[in-house]
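Understanding the architecture of this molecule
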Amino acid sequence: MRDTIAGMQAAAEARDADELFAPIAEDFGGPGGMDRESFRRFVTLVSLRNEKVGVQLGPMDVKLFGQDRATVRFTAATSGGSGWLPDSAQVYQVETGWRMQDGDWKLISATWDPSL
């Protein structure tokens, strides 16, 4: 799961939506009833607004439930902008839910709350 999250972080910074969404389950659920497609639109909007995107993750608190379910909590510092220095930045408290599916961890839920 940690490797999957690290890959998603790298994909976000590379602005590679296909790679970012590969581990996101079709039945993903996010805040306010967000589904996988509306999350993709949200990520696309952030990408269009920011020529450069930065994501730094804090330590991960992983809790396994059996062999096929897990939650992961961490902080995520995000930044974005068009120049060398970011125009915007925010730190979030993130909680994610995961399911093992066909030998891969799939993201099934996520919430994020600003902490600054």
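Structure first, text after, so check above.
Overview of the structure. Please read all numbers here as calculations on a predicted model, not as lab measurements.

If you tally the helices and strands in the chain, you get 3 helices and 6 strands. Listing every helix and strand of the chain by position from the N terminus yields α-α-β-α-β-β-β-β-β. The C-alpha radius of gyration of the chain comes to 14 Å, within 12% of the 13 Å expected for a compact globule of 116 residues. Structurally, the chain occupies a C-alpha span of about 45 × 25 × 25 Å along its principal axes. The 116 residues of the chain split such that 34% are buried. About 7,100 Å² of surface is accessible on the chain, with carbon and sulfur atoms providing 52% of the total. Charged side chains of the chain number 12 positive and 17 negative; the gap between the two group centres comes to 3 Å.

On inspection of all chains with the given rule, the structure shows 5 aromatic pairs. Measuring from ring centre to ring centre gives 5.2 Å for Phe28 and Phe39, while their planes differ by 25 degrees; the resulting arrangement is stacked. Of this pair, Phe28 sits in strand S1 (residues 24-29) while Phe39 sits in helix H3 (residues 36-49), placing them 11 residues apart in sequence. Judged by centre distance (6.4 Å) and plane angle (15 degrees), the ring pair of Phe39 and Phe42 falls under stacked. Of the two residues, Phe39 and Phe42 both sit in helix H3, 3 residues apart, roughly one turn of that helix. Phe42 sits in the partly exposed class, given a relative accessible area of 37%. One residue, Arg40, lies across the ring of Phe21, its end atom 4.5 Å from the ring centre.

Definitions and limits used
Residues numbered from 1 in each chain as written. Predicted model: local features only at pLDDT ≥ 70, side-chain atom pairs only at ≥ 80, totals over all residues. Heavy atoms only, no water. Helix = DSSP H or I, 4+ residues; strand = E, 2+ residues; numbered from the N terminus. Rg over C-alpha atoms; globule rule 2.2 N^0.38 Å. Buried < 20%, exposed > 50% of the residue type's maximum accessible area, 1.4 Å probe, protein only. Areas by Shrake-Rupley, 256 points an atom, 1.4 Å probe, with all protein chains shown as cover. Lys, Arg positive; Asp, Glu negative; His and termini not counted. Charge placed at Lys NZ, Arg CZ, Asp CG, Glu CD. Phe/Tyr/Trp six-rings, centres within 6.5 Å; stacked < 30°, edge-to-face > 60°. Lys NZ or Arg CZ within 6 Å of the ring centre and 35° of its normal.

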